[in-house]
Amino acid sequence: MSTPYPFSALVGQDEMKRAILIAAVEPAIGGLLVLGDRGTGKSTAVRGLAALLPKMRAVQGCRYHCDPQAIGGCDDCVHLKQGVRVRTEELAVPVVDLPLGASEDRVLGALDLERALSQGVKVFEPGLLAKAHRGFLYIDEVNLLEDHLVDLLIDVAASGENLIEREGLSLRHPARFVLIGSGNPEEGELRPQLQDRFGLSVEVRTPTDIAERVEVVRRRDAYERDPAAFGAQWAKADAKVRRQILQARDRLGALTVGDDVLQRAAELCVAVGSDGLRGELTLMRAARALAALEGAEAVTLTHLRDVAVSALRHRLRRNPLDDTASGDRIERAVAELWA
């Protein structure tokens, strides 16, 4: 297995890194969309997240690595828990890649044909959605994803379950994951129905600062020459970020969002014309996660301000009379409302 590029070694792209950490702390955010120029570290940052995440506890023998503390559970867990004390194990949090050309069987899961032909039994072979349960599902070039796969993702993301009815099989299994998509908007637009499922959206641009560009090239060259040594050099910094994630998860439950902050969130959503109420919910959850990451005792207007653009930029209606970028429109509204 190749050594991933360390998350802590990424240069710049602060909004993207902050959004990734927020998604790691609060899965209820609903995922992250990263759009921008090619070669700006989008895929590198997501793959660095896999090595950064602390391990999770799961039911031993469960194909969907369910949480032992969860009420109920999948069919595997029901069988494993019958009359015995359930065994558990620690597993790496899954970060699963969904290729653009993946078949429905690979994504949803299908009948294990080898066992069906050799043993005459119908056994379900889990797909990518099952493997991503309790983790992250990553789609590079998400704006180029085929429509039939987009439809599948929308259904599963909404329900948290994958329903398979084919080849004589009929079953459900849990499929709750944080959806992360990246892409270059110049190569195609993302369907609005899928775009709405992402909690946060960030835009990344090629750096124009010469010193920053030089540092990016220097670090990348060092990594490619000796990945193991470069990873060891940044191991302490990554361990610090891992502790920050764990501590933030512990703090999250104790943090409340006051009515004054919620009112400001609602005012902003109305001012920018955000559709529905997902904007307020995402603002609240993202501000709370950011406060937890910073070790704050309460969620403040500053936290709300820091996540406003990421939470709302992809929820604005297009105004043909205003060609201002969505991020600029939100920042302008924030300045007017919260001056």
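As a further point, take the overall build of the protein chain. What the protein chain contains, in helices and strands, is 15 helices and 11 strands. If one aligns the C-alpha atoms of the protein chain with their principal axes, the spans along those axes are about 70 × 50 × 40 Å. The contacts in the protein chain between residues at least 6 apart in sequence include a share of 76% that link residues at least 24 apart. Surface accessibility of the protein chain: about 17,600 Å² in total, with carbon and sulfur atoms responsible for 49%. Computed over 44 positive and 50 negative side-chain charges, the separation of the two mean positions in the protein chain equals 5 Å.

As enumerated under the stated definition, the model contains 16 salt bridges in all. Among the ionic pairs, Asp-14 bridges to Lys-17, the shortest N-O distance being 3.9 Å. Taken together, the positions of Asp-14 and Lys-17, both in helix α1 (residues 14–25) and three residues apart, correspond to about one turn of that helix. For Asp-14, a relative accessible area of 56% puts it in the exposed group. Glu-224 serves as the salt-bridge partner of Arg-220, at 3.4 Å between the closest nitrogen and oxygen. Here Arg-220 and its partner Glu-224 are both found in helix α9 (residues 210–225), four residues apart, which amounts to about one turn of the helix. Through salt bridges with shared partners, a single ionic network connects Glu-15, Glu-203, Arg-205 and Arg-313.

Among the nonpolar cores identified, the biggest contains 64 residues, and Ile-22, Leu-268 and Leu-283 are the most heavily contacted of them. With nine residues, helix α13 (residues 278–293) is the single largest residue contributor to this core. When neighbours within four sequence positions are excluded, Ile-22 is seen to be in contact with Ile-29, Leu-200, Ala-286, Ala-289, Leu-290, Leu-293 and Val-307. With 26 residues, the next largest nonpolar core counts Leu-33, Leu-137, Leu-149 and Leu-179 among its residues.

Our next topic: the environment of Phe-136. Summarising the element assignment, Phe-136 is placed in strand β7 (residues 136–140). For Phe-136, a relative accessible area of 4% corresponds to the buried category. Counting along the chain gives 168 residues from Phe-136 to Leu-304, while the straight-line C-alpha distance between them is 25 Å. In this structure, Phe-136 is in contact with Ala-23, Ala-24, Leu-49, Leu-53, Val-93, Pro-94, Val-95, Val-96, Val-178 and Ile-180, ignoring residues within four places of it in sequence.

A few words now on the sheet that holds strand β10 (residues 178–183). The strand order across the open sheet formed by five strands is β4-β7-β10-β1-β11, and the pairing between neighbours is parallel. Strand pairing shows two members of the sheet lacking a second neighbour, β4 (95–97) and β11 (200–204), which therefore form its edges. On average, each strand axis in the sheet is tilted by 20° relative to the strand beside it, whichever way the strands run. In terms of strand pairing, β4 meets β7 through three bridges, oriented parallel. The residue bridging Asp-97 from the neighbouring strand is Tyr-138, located in β7.

This paragraph deals with the pairing of strand β1 (residues 32–36). Taken across its five residues, β1 has five buried, putting it largely inside the fold. Covered by surrounding structure in β1 are Leu-32, Val-34 and Gly-36 together with Leu-33 and Leu-35, the residues of both alternating faces. Of the pairings in the sheet, the one linking β1 to β11 comprises five bridges and is parallel in character. Bridge pairing in β11 places Leu-32 opposite Leu-200.

It is the contact of helix α12 (residues 259–272) with helix α14 (residues 301–312), at a shortest axis distance of 11 Å, that shows an interaxial angle of 30°. Crossing hand, α12 versus α14: right-handed. From α12, Val-261, Arg-264, Ala-265, Leu-268, Cys-269 and Val-272 reach across to α14, where they touch Leu-301, Leu-304, Ala-308 and Leu-312. Along the lines of polarity and charge, the residues of the contact of α12 with α14 split into nine nonpolar, no polar and one charged.

In regular strands, side chains alternate between the two faces of the sheet. Burial of β7 is extensive: four of the five residues sit out of reach of the surface. Pairing of β7 with β10 involves five bridges; the strand directions are parallel. If you follow Asp-140 over to β10, its bridge partner there is Ser-182.

All right, on to the packing of α13 against α14 then. At a closest axis distance of 9 Å, the pairing of α13 and α14 adopts a crossing angle of 130°. Here α14 runs oblique to α13, going by the angle between their axes. When the axes of α13 and α14 are compared, the crossing they make is right-handed. Contacts from Gly-279, Thr-282, Leu-283, Ala-286, Ala-287, Leu-290 and Ala-291 of α13 reach α14 at His-303, Leu-304, Asp-306, Val-307, Ala-308, Ala-311 and Leu-312.

Given a rise of 1.5 Å per residue, 13 residues ought to cover 18 Å, and the 19 Å separating the end C-alpha atoms of helix α7 (residues 147–159) matches this to within 8%. By the burial criterion, the buried members of α7 are Leu-149, Val-150, Leu-152, Leu-153, Ile-154 and Val-156. Positioned one or two residues after α7, Gly-160 has a phi angle of 75°, which is positive.

Reading the values: the criteria
Residues numbered from 1 in each chain as written. Predicted model: local features only at pLDDT ≥ 70, side-chain atom pairs only at ≥ 80, totals over all residues. Heavy atoms only, no water. Helix = DSSP H or I, 4+ residues; strand = E, 2+ residues; numbered from the N terminus. Contact = heavy atoms within 4.5 Å. Areas by Shrake-Rupley, 256 points an atom, 1.4 Å probe, with all protein chains shown as cover. Lys, Arg positive; Asp, Glu negative; His and termini not counted. Charge placed at Lys NZ, Arg CZ, Asp CG, Glu CD. Salt bridge = Lys/Arg side-chain N within 4 Å of Asp/Glu carboxyl O. Buried < 20%, exposed > 50% of the residue type's maximum accessible area, 1.4 Å probe, protein only. Core = buried A, V, L, I, M, F, W, Y, C linked by side-chain atoms within 4.5 Å. Pairing = 2+ DSSP bridges. Axes fitted to C-alpha atoms, helices over the stretch in contact; angles between N-to-C directions. Left-handed = near helix turned anticlockwise from the far one by under 90°. Nonpolar A, V, L, I, M, F, W, Y, C, P; charged D, E, K, R; others polar. Parallel < 35°, antiparallel > 145°, perpendicular 65-115°, else oblique. Expected span 1.5 Å × (residues − 1).

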